[in-house]
Amino acid sequence: MARFLITLPGRADGGRGARPAFPDSVTDLRQAFGPFDHLAQVGRAAEIAGFHGALAPFDPEGDESLVVAAGLLRQSRRLRTVAGFHPGIATPVYAAKVSASLQRFSGDRLDWRLAVDLDLDPAVARAQGDFLEGPDRYARAEEFLTVAKGVWSEEDYTYEGRFYQVLAGGFQSPLAGRAFPRVHLSGTSKEALELSARHADVHVFDPEDDIEAASLPGVAYGLRLPVLARDDDDEAREAARRLWARDAGTAPGASLRNGLVGSFETVAAGIRDYIDRGVGVFFLEATPYVEETYRLGERLLPLLTKEDVRVR
């Protein structure tokens, strides 16, 4: 059966945290509404609306996805959370240790989505401490995943590589024995597909990618999919025009040009077409986050799940 996840904001809205100024004689006991409250609302909406999980995307200038994932896992009972991050953020041993702890606390509901070769401005990458470019990023990602899986599953693990070295490492109780996070990778280059063939559980495509050209036996196909669904096609197109105008051609409005816009039935038909092409995991993107998560869960998902849509 196809799985549907909602994409969280990379930069949560804490704007409602502002409070009116009161004189010193007045004590305001109300708690401010902050970014984590906004994320919790989206996560709660996703769980109530029947989504299988949520993606905390990698955003170089946004909130740290593993922290976001931890907060979401803490406040949900069954929702899987995919944390998007760059291999350059930490050593693979540290990333694995943080993730093993999160698996312990959440009942193995954490997954990874590695951002390996982003269209990232070199200046932004260097500001993040990442000076690698091109094929070197894939070579590092290969070692990152190899080491992370090694220390996760072996008690006396040693590795000597170009980017990482480990001597007699490996997890023991209480970190040992947890399920390794499902690995999501992306990209259409030769290096990207080869990395996924060796390490990915899910390879995530963009709507404009040639899905049929990829050959990844044993790897599930995922899709990043912006959507805007309303009662009829005309209402959806008008809502999309307003979104494009509001965002002046920038995301998220611009991303809809490669997504699905239309009635709930039209969008469901588009998703069925992707399922027929082999896609089994959908990362839906829609704003405003809380409202659209409920809307899609209540009106779109039932059109797909009631038919028990399965991947061929």
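Refer to the structure above for everything that follows.
Rules of the game
- Residues numbered from 1 in each chain as written.
- Predicted model: local features only at pLDDT ≥ 70, side-chain atom pairs only at ≥ 80, totals over all residues.
- Heavy atoms only, no water.
- Helix = DSSP H or I, 4+ residues; strand = E, 2+ residues; numbered from the N terminus.
- Areas by Shrake-Rupley, 256 points an atom, 1.4 Å probe, with all protein chains shown as cover.
- Buried < 20%, exposed > 50% of the residue type's maximum accessible area, 1.4 Å probe, protein only.
- Pairing = 2+ DSSP bridges.
- Right-handed = clockwise from strand over helix to strand, strands pointing away.
- Phe/Tyr/Trp six-rings, centres within 6.5 Å; stacked < 30°, edge-to-face > 60°.
- Lys NZ or Arg CZ within 6 Å of the ring centre and 35° of its normal.
- Salt bridge = Lys/Arg side-chain N within 4 Å of Asp/Glu carboxyl O.
- Contact = heavy atoms within 4.5 Å.

Peer 1: For this particular structure, what's the right way to read the overall build of the protein?
Peer 2: Along its length, the protein carries nine helices and 11 strands. Here the protein displays about 15,200 Å² of accessible surface, and carbon together with sulfur accounts for 49% of that area.

Peer 1: Any chance you could explain the pairing of strand S2 (residues 53-56) here in plain terms?
Peer 2: Note on strand geometry: in a regular strand, side chains alternate between the two faces of the sheet. Residues Gly53 and Leu55 of S2 are buried on one face, and the alternating residues Ala54 and Ala56, pointing to the opposite face, are buried as well. Pairing analysis gives three bridges linking strand S1 (residues 3-7) to S2, with the strands arranged parallel. Residue pairing across strands places leucine 5 opposite glycine 53, the latter belonging to S2. Across four bridges, S2 lies against strand S3 (residues 80-85) in parallel orientation. If you follow leucine 55 over to S3, its bridge partner there is valine 82. In the classification by handedness, the crossover that spans S2, the intervening helix H2 (residues 65-74) and the parallel S3 is right-handed.

Peer 1: Can you help me understand the packing of aromatic side chains in this one?
Peer 2: For any pair of aromatic rings, the description rests on two quantities: the centre-to-centre distance and the angle between the ring planes. This model, assessed by the stated rule, comprises 10 aromatic pairs. Arranged with centres 6.2 Å apart and planes meeting at 55°, the rings of tryptophan 152 and phenylalanine 171 form a pair that is tilted. Highlighted residues: tryptophan 152 in helix H5 (residues 135-153) and phenylalanine 171 in the loop between strand S6 (165-169) and strand S7 (183-186), separated in sequence by 19 residues. The pair tryptophan 152 / phenylalanine 171 is uniform in exposure class, with both members buried. Ring geometry for phenylalanine 205 against tyrosine 221: centres 5.1 Å apart, planes inclined by 65°, an arrangement best described as edge-to-face. Of this pair, phenylalanine 205 sits in strand S8 (residues 202-205) while tyrosine 221 is found in strand S9 (residues 220-230), placing the two residues 16 residues apart along the sequence. Residue phenylalanine 205 shares its accessibility class with tyrosine 221, and that shared class is buried. Ring pairs connect the aromatic residues Phe85, Trp112, Phe144, Trp152, Tyr164, Phe171 and Phe180, which therefore count as one cluster. The cationic tip of arginine 257 hangs over the ring face of tryptophan 244; the distance from NZ or CZ to the ring centre is 4.3 Å.

Peer 1: Where do I start with the pairing of S8 in this structure?
Peer 2: Burial along S8 is two-sided: Val202 and Val204 facing one way and His203 and Phe205 facing the other are all buried. One ladder, built from three bridges, connects S7 with S8; its direction is parallel. Opposite serine 186, over in S8, you have valine 204 as the bridge partner. Of the strand pairs in this sheet, S8 and S9 are connected by four bridges, and their pairing is parallel. Bridge pairing links histidine 203 to tyrosine 221 in S9.

Peer 1: How do you make sense of unusual backbone geometry when you look at a structure like this?
Peer 2: When glycine is set aside, most residues are seen to have a negative phi, and most peptide bonds are trans. A cis amide bond, omega 10°, links serine 173 with the succeeding residue proline 174. Tracing the sequence through the fold places proline 174 in the loop between S6 and S7. Following threonine 287, the chain continues into proline 288 via a peptide bond in cis, with omega recorded as 0°. Structurally, proline 288 is set in the loop between strand S11 (279-285) and helix H9 (289-305). Despite not being glycine, aspartate 108 has its phi angle at roughly 65°, a positive value.

Peer 1: Would you mind going over the pattern of salt bridges with me for this structure?
Peer 2: Oppositely charged side chains can pair when the atoms bearing their charge come close. Counting across every chain of the model gives 16 salt bridges. Notably, a salt bridge pairs arginine 241 with glutamate 238, separated by 2.9 Å at the nearest N-O pair. Taken together, the residues arginine 241 and glutamate 238, both in helix H7 (residues 233-247) and three residues apart, mark about one turn of the helix. The exposure class assigned to arginine 241 is partly exposed, which follows from its relative accessible area of 44%.

Peer 1: What's the story with the environment of tryptophan 244 in this structure? I'm lost.
Peer 2: Of note, tryptophan 244 is situated in helix H7. Taking C-alpha positions, tryptophan 244 is 9.2 Å from arginine 257, a pair spaced 13 residues apart along the chain.

Peer 1: Hey, could you run me through the environment of proline 226 in this one?
Peer 2: Here proline 226 shows up in strand S9. Assessed through its relative accessible area of 1%, proline 226 is described here as buried. On a C-alpha basis, the gap between proline 226 and arginine 257 in space is 8.6 Å, while along the polypeptide they are 31 residues apart. Not counting chain neighbours up to four residues away, the residues in contact with proline 226 comprise Pro207, Ser255, Leu256, Gly259, Leu260 and Glu285.

These values are about where atoms sit, not about what they do.
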